[in-house]
Amino acid sequence: LMMPMLLTVYPTRLGLPDFASEDDLIARRRSLFEAPQGPLARRLLQLDAALARAGFGAADSDPWAAGTPRPSIADCALVPRLVYLASGELKGVLQDVLEPYPKVAALVARFKRLPEVQEIGV
């Protein structure tokens, strides 16, 4: 899910040339979300569909991302990346990036409501 974004955050670490300018970087990040062909748009759509197939919902009694009754390592690995993606810290990525994906946005919101998460803050 995050590999296309990593290519814009750490291009030289991944053996790619650095972007020529900040405008190029912003344009590249925006292209990742251009639906339906942008790689991150496709991955978020796939994740949204997978959550729907697993029966995920916003209710506390619904299964989590891996279909488990309690959050799993999958949720703990996925949600912080999604939070960062929608944080507004990445130039060219809008904070409402998750809005077109209601199950994904609900996963983030539900995870943030967990008492253990509120205690440490994500």
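Our structure is the block above this text.
Residues numbered from 1 in each chain as written. Predicted model: local features only at pLDDT ≥ 70, side-chain atom pairs only at ≥ 80, totals over all residues. Heavy atoms only, no water.

Q: Whenever I open this one, the packing of helix α3 (residues 39-53) against helix α5 (residues 102-113) confuses me. Can you help?
A: Look at α3 against α5: their axes get within 7 Å of each other, and the N-to-C directions meet at 75 degrees. Regarding the angle of α3 to α5, the classification is roughly perpendicular. Between α3 and α5, the residues in contact are L44, L47, D48, L51 and A52 and P102, K103, V104 and L107, respectively. Residue composition of the contact of α3 with α5, by class: seven nonpolar, no polar and two charged. (Axes fitted to C-alpha atoms, helices over the stretch in contact; angles between N-to-C directions. Helix = DSSP H or I, 4+ residues; strand = E, 2+ residues; numbered from the N terminus. Parallel < 35°, antiparallel > 145°, perpendicular 65-115°, else oblique. Contact = heavy atoms within 4.5 Å. Nonpolar A, V, L, I, M, F, W, Y, C, P; charged D, E, K, R; others polar.)

Q: Help me understand the packing of aromatic side chains, please; the structure alone is not making it clear to me.
A: The way to describe two aromatic rings as a pair is by their centre distance and the angle between their planes. The full count for this structure, using the stated rule, is two aromatic pairs. Taken together, a centroid distance of 6.4 Å and an interplanar angle of 80 degrees make the contact between W64 and F111 edge-to-face. Separated by 47 residues along the polypeptide, W64 in the loop between α3 and α4 (73-85) and F111 in helix α5 bring together distant segments of the chain. There is no split in this pair, since W64 and F111 are both buried. Each residue in the set F56, W64 and F111 is aromatic and connected to the rest through ring pairs, giving one cluster. (Phe/Tyr/Trp six-rings, centres within 6.5 Å; stacked < 30°, edge-to-face > 60°. Buried < 20%, exposed > 50% of the residue type's maximum accessible area, 1.4 Å probe, protein only.)

Read these as geometric descriptors, not functional statements.
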